[in-house]
Structure formats: C-alpha cells, structure tokens
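Each chain, letter by letter, is given below.
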Amino acid sequence: QVQLVESGGGLVQPGGSLRLPCAASAIIFRPYTMGWYRQAPGNQRELVARITSGGSTNYADSVKGRFTIPRDNAKKTVYLQMNSLKPEDTAVYYCNARWEKSTYWGQGTQVTVSS
C-alpha cells in the first residue's frame, strides 16, 4: 500500500524557517513528480511547489524566492524548505506523488506562522 508521510510542521514565528519531509513507501519513487500543496481554512487546496523526475521545479508566485523543493531519490523523500515564513503561509501542507494515472496524497501537516 502506497503511503506518503509528511512531518515537520508546527508553530513558527514570522521570518522563521521550517523543513517538511515527505517520505514515500511502496512506490518506485524516481519517476514520480512530487509536489507540495497547501490548504488554508476557507480556501481551496493550491499548489505550492513541484519537482519532476528530471529535477525541473515550479513554484507558486507567492513562495518564489522563499521556498525550495529538493528531492532525495535514494531516501524516497521530498522536502519543502520554507524560509522567511509569513502569517499567510499558515495552512495544512500536503505531499503529492503523481505518475501517469497514479496520484497519491499524504495526510497533511499543519504549519502555523504566528508571533
């Protein structure tokens, strides 16, 4: 059974940093496009960042220059490195794996940016 397990969420002050790992199991990780999405209360889930199997990345305009999405194929893990966090980054962050017709989601991890 495929599992994506996110961790690393929590409470952080504005301007702080967090790194969210997403560990995958039961999939051949390398060909998957991996993404991070987020959903704030009352809002739709939105793409934050995505990295293809070849290492190409794209980011939401709101996080460009602050977030990065490295992946480690040997560890079957994708990360979301979040710097210069803002209160508007507060949301539940979800990991996504997508390849051909297969799509998987993690359970989400809460990130709260507040003083």
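Residues numbered from 1 in each chain as written. Predicted model: local features only at pLDDT ≥ 70, side-chain atom pairs only at ≥ 80, totals over all residues. Heavy atoms only, no water.

Asks: So what exactly am I meant to see when it comes to the pairing of strand 5 (residues 46–51) here?
Replies: Looking along a regular strand, one sees the side chains alternate between the two faces of the sheet. Where strand 4 (residues 33–39) meets strand 5, five bridges bridge the pair, whose relative direction is antiparallel. Among the inter-strand pairings, Tyr 37 is bridged to a residue of strand 5, identified as Leu 47. Joining the antiparallel neighbours strand 4 and strand 5 is a turn of six residues, in which Gly 42 adopts a positive phi near 80°. Bridge count between strand 5 and strand 6 (residues 57–59): three bridges; the pairing is antiparallel. Each bridged residue has a counterpart across the sheet, and for Ile 51 the counterpart in strand 6 is Thr 57. Between strand 5 and strand 6, which pair antiparallel in sequence order, lie five residues; one of them, Gly 55, sits at a positive phi of approximately 95°. (Pairing = 2+ DSSP bridges. Helix = DSSP H or I, 4+ residues; strand = E, 2+ residues; numbered from the N terminus.)

Asks: Even after reading the chapter, I still don't get the environment of Gln 107, so can you show me in this structure?
Replies: In this fold, Gln 107 is placed in the loop between strand 11 (102–105) and strand 12 (109–113). Taking the C-alpha atoms as reference points, Gln 107 and Arg 66, separated by 41 residues in sequence, lie 24 Å from one another. Once you skip the residues sitting within four places of it in the chain, Gln 107 turns out to touch Leu 4, Val 5, Glu 6 and Tyr 94. (Contact = heavy atoms within 4.5 Å.)

Asks: Would you mind going over the state of the cysteines with me for this structure?
Replies: Such a bond, covalent and formed between the sulfur atoms of two cysteines, is termed a disulfide. Overall, the coordinates contain one disulfide when judged by the stated rule. Here Cys 22 is linked by a disulfide to Cys 95, with a sulfur-sulfur distance of 2.1 Å. Looking along the S-S bond of the Cys 22-Cys 95 disulfide, the torsion reads about -80°, which is the left-handed sense. Remark: Cys 95 occurs in strand 10 (residues 91–99) and Cys 22 occurs in strand 3 (residues 18–25); sequence separation between them is 73 residues. (Disulfide = S-S within 2.5 Å.)

Asks: Can you help me understand the pattern of salt bridges in this one?
Replies: Following the criterion strictly, the structure yields four salt bridges and no others. The salt bridge partner of Glu 46 is Arg 38, with a shortest N-O separation of 2.8 Å. With relative accessibility at 36%, the residue Glu 46 sits in the partly exposed group. Overall, Arg 38 belongs to the buried group, its relative accessible area being 6%. A salt bridge links Lys 64 to Asp 61; its shortest N-O distance comes to 3.1 Å. Note on accessibility: Lys 64 and Asp 61 belong to one class, exposed. (Salt bridge = Lys/Arg side-chain N within 4 Å of Asp/Glu carboxyl O. Buried < 20%, exposed > 50% of the residue type's maximum accessible area, 1.4 Å probe, protein only.)

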